[in-house]
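Topology and contacts: notes
Next come the chains, spelled out residue by residue.
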Amino acid sequence: MVKWNKMRSHNNKQVKAMRKLLILYATQTGNALDAAERLSREAERRGCPVNLLSLEQYDPSLLPQEQAVIFVVSTTGQGDTPDSMKNSICADSLKAFWRYLLQRSLGRHWLKGVLYAVFGLGDSSYQKYNFVAKKLDKRLMDLGGTVIIERGLGDDQHPSGYEASLDPWMSSLWRMLNMIKPEYLSNGPDVVVQDTVLIDQPKIQITYHNIENDDSHFSSASDLTSLNIQIGSARSMHPGKAFSDRSTPGYFLKMVKNLPLTRSNCGKDVRHFEFEFVSHALQYEIGDVFEILPGQDSAAVDAFIKRCNLDPDSFITVSPKDMDDHNAHDSRIPVKLRTFVEFSMDVASASPRRYFFEVMSFFATAEHERERLKYFASPEGRDDLYQYNQKERRTVLEVLEDFPSVQMPFEWLVQLVPPLKPRAFSISSSQSAHPNQVHLTVNVVSWTTPYKRKKKGLCSSWLAALDPCDGVHVPAWFHKGLLPAPSPTLPLILVGPGTGCAPFRGFVEERAVQSRTNATAPIIFFFGCWNEDGDFLYRDFWLSHSQEKGVLSEAKGGGFYVAFSREQAQKVYVQHKMREHRQRIWNLLSEGAAVYIAGSSTKMPADVTSAFEEIVSTENDVSREDAVRWIRALESCGKYHIEAWS
């Protein structure tokens with residue numbers, strides 16, 4: 001209620017801004033925010049005043065009073081709504097933005113006279129591609145809104161990413177908006193004001209503090225408390241809106257085991273990590289997600305600071321330029337510049353956005369560099385920029401080193417360098433079996449770019465390099481995932497090839513503990529890997545629970561079945577093993593079993609779902625269309641869950 005009261009105090013400001021073009025975004029990873037900010041910049045260049053807000057900041061009851069609204073929304077996972085769409089504040093109580101729009105009392109004319117457009121960001125490798133944008137577009141139309149332009153759908157799988165759709169969609173948007181509401185675009189749809197005026201106005205300001213004693217701010221705190229304060233202070237000051245509640249770490253853990261699960265020459269490196277709590281204990285459930293703030297390579301952080309001619313030991317605070325709350329400004333704790341970079345700016349992993357190159361062009365003193373940067377930032381150079389930047393996964397540091405004449409002010413760097421984000425992993429342990437621990441199953445990511453450059457995943461390679469004896473404190477957060485903890489009396493059908501087995505290791509551990517004192521329902525688990533000798537993850541664990549009266553044993557109605565895809569000429573995947581055991585699957589489904597699927601987001605979830613549909617069709621003697629509806633009904637009643645990652 002406190003947050004809602006604060007929001008209501010902003011309503012007068014929102015009403016005054018009604019004649020501005022309203023751009024609302026819902027983001028999970030930051031891409032939708034980037035697209036929304038680009039829309040905002042392009043609108044302002046055309047003389048159009050803009051009000052840019054996250055759905056978390058907006059009161060949806062005001063929508064009927066708007067003239068024109070642009071929605072930029074992402075779809076996460078298997079058609080999931082971004083957190084900012086789920087957690088928004090709306091009229092009278094804490095409700096989700098989407099739930100507010102679904103109220104039957106709103107009626108078919110609630111948005112009469114309101115112009116709107118929707119741009120979605122998604123990944124076509126997922127089954128429910130851009131599901132949120134499609135659903136939102138339909139609901140706005142059902143409520144009487146007038147569409148400016150057909151919804152745009154950006155696809156991460158496109159060779160140029162979502163911008164391949166955003167560029168032409170924006171051009172059409174400005175033309176249509178100019179036809180419908182010419183007063184919005186005072187300079188016309190194609191007139192672009194040059195950024196020579198805007199470029200000197202970063203949105204944040206940096207204050208340098210004269211502090212003689214380096215340790216004065218943290219001298220009275222313990223090492224762990226001091227680290228917590230430094231991380232929280234640095235991250236809370238960063239302008240990146242994607243941080244939300246991921247500023248101050250929820251917990252600190254220390255690694256106690258770092259074990260390889262794969263043979264050294266098998267072509268992949270999967271590790272089993274065990275952590276113990278060193279701050280305070282936590283209650284987590286199987287199926288929960290563990291987020292880690294990765295450590296950046298010290299040499300890379302130092303190289304970035306040196307390249308940008310910064311003083312690593314200076315104490316700074318960062319705040320919005322338009323910040324008028326002096327008390328809030330004074331409450332910010334100064335941190336060392338190096339600390340700020342290390343914990344909040346991703347300088348050696350993430351690729352910079354397109355706007356980064358545009359701003360760089362204004363600070364390039366070498367003519368050939370300036371022209372190259374301007375080309376990269378133009379629509380004509382979009383594909384070449386994708387090949388140079390995203391395809392090669394160039395880091396901010398690498399880009400700056402490629403354009404040595406560029407000297408960007410630190411304010412611009414703080415604003416434009418991608419924020420350092422926590423990495424999420426499915427928990428692979430049960431707290432019932434390991435009271436003070438949490439376990440992870442992690443694929444150590446490495447690849448070769450098209451130009452034969454060796455690259456590593458930031459978090460997985462950092463974890464793999466940690467020595468448990470060093471006692472490194474790992475900042476972490478826990479939250480609910482997409483796999484709810486099942487009742488011990490609920491039969492389960494689990495499908496988890498590769499590291500998709502991670503959450504199900506916890507499921508099996510939990511049910512094994514429960515079975516010691518109570519009767520439990522059976523579990524069938526389908527696992528897949530390349531071959532038995534190379535990457536059969538947790539082999540002994542699964543086999544021990546599938547023998548005699550283990551929770552995976554056929555004697556208890558369960559089963560454990562492995563698909564080795566590379567042990568024979570014809571590849572065998574989990575869906576093939578499922579078809580072999582179709583009758584056992586149907587018997588469990590008939591008894592009310594729940595289905596859990598985890599693993600790669602490419603083809604696996606769709607192929608596995610197709611196998612389930614086929615099994616329902618043949619074993620239940622119904623049409624394929626009826627089988628599809630049967631699976632959808634299973635999903636609707638909370639018994640069909642997918643957690644997939646790319």
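This text follows the structure it describes.
Bear in mind the structure is a predicted one, so any value in this text is a computation, not a measurement.

This part takes up the side chain of Asn130. Along the polypeptide, Asn130 turns up in the loop between strand E4 (115-122) and helix H6 (131-142). A relative accessible area of 0% places Asn130 in the buried class. Of note is the side chain of Asn130, whose polar atom sits 3.4 Å from the side chain of Tyr129. Dropping the residues within four chain positions of it, Asn130 is found in contact with Thr75, Gly120, Leu121, Gly122, Leu153 and Gly154.

Right, let's talk about the sheet that holds strand E19 (residues 523-529) for a bit. As summarised here, the arrangement of the five strands in space is E20-E19-E18-E21-E22, forming an open sheet in which the pairing is parallel. The outermost strands of the open sheet, each flanked by one partner alone, are strand E20 (559-564) and strand E22 (640-645). Ignoring strand direction, the axes of neighbouring strands in this sheet form an average angle of 10 degrees. When strand E18 (residues 492-495) meets E19, the two strands line up parallel, connected through four bridges. Bridge pairing in E19 links Leu492 to Ile523.

Bringing the sheet that holds strand E11 (residues 315-320) into the picture now. Across a sheet, paired strands are connected by hydrogen bonds in the backbone, their directions being either parallel or antiparallel. On the basis of which strands lie adjacent, the open sheet formed by three strands has the order E7-E11-E12 and antiparallel pairing. Each edge of the sheet is formed by a strand with only one pairing partner; in this case those strands are strand E7 (204-209) and strand E12 (335-336). Bridge analysis of E11 against E12 gives two bridges, and the strand direction is antiparallel. Within E12, the residue paired with Phe315 across the bridge is Lys336.

The residue Lys452 is not glycine, and still its phi comes out positive at about 65 degrees. The topology assignment puts Lys452 in the loop between strand E15 (446-448) and strand E16 (454-456). Of note in the backbone geometry, Asp621 takes a positive phi value of approximately 55 degrees without being a glycine. Here Asp621 shows up in the loop between helix H22 (604-619) and helix H23 (624-636). Assessed through its relative accessible area of 71%, Asp621 is described here as exposed.

Across its 18 residues, helix H7 (residues 163-180) extends 25 Å between first and last C-alpha, which sits within 8% of the 26 Å expected from 1.5 Å per residue. Taken together, the buried positions of H7 are Glu163, Ala164, Leu166, Asp167, Trp169, Met170, Leu173, Trp174 and Leu177.

Bringing the packing of aromatic side chains into the picture now. As enumerated under the stated definition, the model contains 31 aromatic pairs in all. Between the aromatic rings of Phe277 and Phe478, the centroid separation amounts to 6.1 Å while the plane-to-plane angle is 45 degrees, which identifies the pairing as tilted. Remark: Phe478 occurs in strand E17 (residues 473-479) and Phe277 occurs in strand E9 (residues 270-277); sequence separation between them is 201 residues. Residue Phe277 is classed as buried on the basis of its relative accessible area of 10%. Here the aromatic cluster, defined as three or more aromatic residues joined through ring pairs, consists of Phe504, Phe507, Phe525, Phe527, Phe536, Tyr538, Phe541, Trp542, Phe560, Phe564 and Tyr596. Here the basic side chain of Lys268 rests over the ring of Trp530, its NZ or CZ set 3.9 Å away from the ring centre.

Procedures and definitions
Residues numbered from 1 in each chain as written. Predicted model: local features only at pLDDT ≥ 70, side-chain atom pairs only at ≥ 80, totals over all residues. Heavy atoms only, no water. Helix = DSSP H or I, 4+ residues; strand = E, 2+ residues; numbered from the N terminus. Buried < 20%, exposed > 50% of the residue type's maximum accessible area, 1.4 Å probe, protein only. Polar contact = N/O pair within 3.5 Å; in protein donor to acceptor, adjacent residues only side chain to side chain. Contact = heavy atoms within 4.5 Å. Pairing = 2+ DSSP bridges. Axes fitted to C-alpha atoms, helices over the stretch in contact; angles between N-to-C directions. Expected span 1.5 Å × (residues − 1). Phe/Tyr/Trp six-rings, centres within 6.5 Å; stacked < 30°, edge-to-face > 60°. Lys NZ or Arg CZ within 6 Å of the ring centre and 35° of its normal.

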